[in-house]
Amino acid sequence: MKKPHIANVNLSRTGEKRIEWAAMEMPVLRKIRDSFKKEKTLKGVSIACCLHVTTETANLVVALKDGGARVSLCASNPLSTQDDVAAALVKNHGIYVYAIKGENRSVYYRHILSALEIKPNITMDDGADLVTTIHQRKREYLRDVQAGTEETTTGVIRLRSMAASGVLDYPIIAVNEANTKHMFDNRYGTGQSTIDGILRATNRLLAGASFVVSGYGWCGRGLAMRARGMGASVIVTEVDPLRALEAVMDGFQVMPMPMAARKGDIFCTVTGDINVIDEKHFTLMKDGAMVCNSGHFNVEINIDALERLSVKKREIREYVVEYTLPTGRRIFLLGEGRLINLAAAEGHPASVMDMSFANQSLCAEYIVKSGEKMAKKVYSVPPEIDRKIAQMKLLSMGVKIDRLTARQREYLTSWQEGT
Ligand SMILES: NC(=O)c1ccc[n+]([C@@H]2O[C@H](COP(=O)([O-])OP(=O)(O)OC[C@H]3O[C@@H](n4cnc5c(N)ncnc54)[C@H](O)[C@@H]3O)[C@@H](O)[C@H]2O)c1
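As the structure is a prediction and not an experimental result, all values here were calculated from the model.

Undergrad: Help me out: how do you make sense of the overall build of the protein in this one?
TA: When helices and strands are counted, the protein shows 17 helices and 15 strands. The C-alpha radius of gyration computed for the protein amounts to 22 Å, which stays within 12% of the reference 22 Å derived for 419 residues, consistent with globular compactness. Counting only C-alpha atoms, the protein reaches 70 × 65 × 45 Å along its principal axes. The buried share of the protein, reckoned over its 419 residues, is 55%.

Undergrad: How should I be thinking about the side chain of Asp-185 in this particular structure?
TA: Relative to the elements of secondary structure, Asp-185 occurs in helix H8 (residues 179-202). When neighbours within four sequence positions are excluded, Asp-185 is seen to be in contact with Glu-151, Thr-190, His-348, Val-352, Met-353 and Ser-356.

Undergrad: What am I meant to see in the site of the ligand here?
TA: As a matter of local geometry, the ligand sits amid 26 residues, with Thr-152, Thr-153, Thr-154, Glu-238 and Ser-294 nearest to it. Side-chain polar atom of Thr-154 to an oxygen atom of the ligand: 2.5 Å apart, as the coordinates give it. Within the contact set of the ligand, an oxygen atom lies 2.9 Å away from a side-chain nitrogen or oxygen of Asn-186. Here the ligand loses 87% of its free accessible area of 860 Å² to cover by the protein chains. Ranked by the residues each element gives to the shell around the ligand, the list is headed by H8, at three residues. Per-class residue counts for the shell around the ligand are six nonpolar, 15 polar and five charged.

Undergrad: How should the environment of Met-392 be read in this particular structure?
TA: As for its position among the elements, Met-392 is in helix H16 (residues 383-396). Looking at Met-392, the relative accessible area reads 18%, which means it is buried. Between the C-alpha atom of Met-392 and that of Met-355, which follows or precedes it by 37 residues, the distance is 9.3 Å.

Undergrad: It is not clear to me how the sheet that holds strand S3 (residues 96-98) should be interpreted in this structure. Could you clarify?
TA: In a beta sheet, neighbouring strands pair by backbone hydrogen bonds and run either parallel or antiparallel. Reading across from one edge, S3-S2-S1-S4-S5-S6-S15 is the order of the seven strands in this open sheet, with parallel pairing throughout. Single-partner strands in this sheet number two, and they are S3 and strand S15 (378-380). For this sheet, the mean inter-axis angle between neighbouring strands, taken without regard to orientation, is 20°. In this structure, strand S5 (residues 147-150) lies alongside strand S6 (residues 172-174), joined through three bridges in parallel fashion. Looking at the pairing, Gly-148 lines up with Ile-172 of S6. The strands that helix H6 (residues 129-137) touches are strand S1 (46-50), strand S2 (70-74), strand S4 (122-125) and S6; relative to S4, the one it contacts most, it runs at about 130°.

Undergrad: Explanation requested: the nonpolar core in the structure shown.
TA: A general trend in soluble globular proteins is that nonpolar side chains are found buried together. Of all hydrophobic cores here, the largest spans 53 residues; its most connected members are Leu-42, Ile-47, Cys-49, Leu-64 and Leu-89. A per-element tally of this core places helix H15 (residues 350-370) first, with 10 residues. When sequence neighbours within four positions are dropped, the list of residues in contact with Leu-64 reads Phe-36, Leu-42, Ile-47, Cys-49, Ala-69, Val-71, Met-124 and Ser-361. In this structure, Ile-198, Ala-232, Met-290 and Leu-334 belong to the second largest nonpolar core, which totals 27 residues.

Undergrad: Looking at this structure, how should I read the packing of helix H3 (residues 55-66) against helix H4 (residues 83-93)?
TA: Two quantities define a packed helix pair, namely the angle between the helix axes and the distance between the axes. With their axes 10 Å apart at the nearest point, H3 and H4 run at an angle of 20° to one another. In terms of orientation, H3 and H4 fall into the roughly parallel class. Pair H3 / H4 crosses with right-handed handedness. On H4, the residues that touch Thr-55, Ala-58, Val-61, Val-62 and Lys-65 of H3 are Val-85, Leu-89 and His-93. Class assignment for the residues of the contact of H3 with H4 results in five nonpolar, two polar and one charged.

Procedures and definitions
- Residues numbered from 1 in each chain as written.
- Predicted model: local features only at pLDDT ≥ 70, side-chain atom pairs only at ≥ 80, totals over all residues.
- Heavy atoms only, no water.
- Helix = DSSP H or I, 4+ residues; strand = E, 2+ residues; numbered from the N terminus.
- Rg over C-alpha atoms; globule rule 2.2 N^0.38 Å.
- Buried < 20%, exposed > 50% of the residue type's maximum accessible area, 1.4 Å probe, protein only.
- Contact = heavy atoms within 4.5 Å.
- Near = heavy atom within 4 Å.
- Polar contact = N/O pair within 3.5 Å; in protein donor to acceptor, adjacent residues only side chain to side chain.
- Areas by Shrake-Rupley, 256 points an atom, 1.4 Å probe, with all protein chains shown as cover.
- Nonpolar A, V, L, I, M, F, W, Y, C, P; charged D, E, K, R; others polar.
- Pairing = 2+ DSSP bridges.
- Axes fitted to C-alpha atoms, helices over the stretch in contact; angles between N-to-C directions.
- Core = buried A, V, L, I, M, F, W, Y, C linked by side-chain atoms within 4.5 Å.
- Parallel < 35°, antiparallel > 145°, perpendicular 65-115°, else oblique.
- Left-handed = near helix turned anticlockwise from the far one by under 90°.

Given below as structure tokens:
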């Protein structure tokens, strides 16, 4: 393995304390870690992870290592690495980390190649860059890979496309599809942390602002809900009639982007799609409009078009670039159009990542136990894992629920009793 490549190992003390802080809010992962430690569930397994290098990810990779795995870690976005966390993982936990906040595209891919040198038996991806790199550039590693996991919607879309084209060479478990992942992480996690990112970048008052959310999927629902909670007047743009109808019934204004473009003060895309805010939309925006993205890749805002349209560009504060159009109107691009919650803030709160990463770790265990029987396709998370995590989370919160009686179970599985 290459030596770890991180920004500054001297940041490890701060990173360690922040990792500890996150751990306090991750009781489910903690329980899994204790059991991994005792059973050595992942003994001898090599795991390459391409995940946002945050305090929560640190707790995940340490749990994998405690289970007996060898672990390498690179970033799943050039702007999402927390350098102090990377330092603590290298200095105190023996994790092979290759990640530096603000790395350029070529360093980003070099880091992926370094992480792959661990010759993974399991890949853990967030966006599918690890899987696609192995398939396109490092096929010799395919021999050792038993299976992989995928954390996010965009990654699952790419992997399903690979499976449909017949090019996916090993099984993947779509962690994003667990209910205990997308219903909580994408909705409440993205909802809160995206607002956090926008506020840290701009310090803008949301009350009274017109806030445009593009995409009313799991992330969009959470973001729209939280923006409204801060007093913004929320507009939703959608392409799916069902989702648009849901947004209407949830009480939001729904309209096409060319109309929303004229009204919005703040725009945030969460679609997983390309050019959602495009050249023609920029020309319609008000002076001072702010645009950002919380979808996985930085393609949702057509930044090239904004660059072309502008006569002047300057960084006005950290994570905020001001573009001046020939009309004199200014548009502010936040966080280079990358995931604003990870670029300008710290990503999701630990309590929600507790469930996402409980899924990741239990899926790794599942692969070790059942990987040989799996086919080269994209699997959903086994429902028993999903239920177990929901139960563990409730237990950790001190919430009890009812149980079906024998009579109720019988009734719910019969058809004879009607009116
Ligand atoms: N910021 C984060 O930390 C974070 C967390 C989870 C997921 N994500 C990413 O966020 C994105 C959305 O994830 P999701 O789980 O909400 O997906 P989803 O599939 O549930 O929702 C996406 C929505 O966007 C809509 N859409 C697509 N193209 C559109 C367009 N041109 N205009 C308006 N709406 C459009 C779709 O109809 C859909 O309703 C993905 O890229 C995902 O990987 C980010």
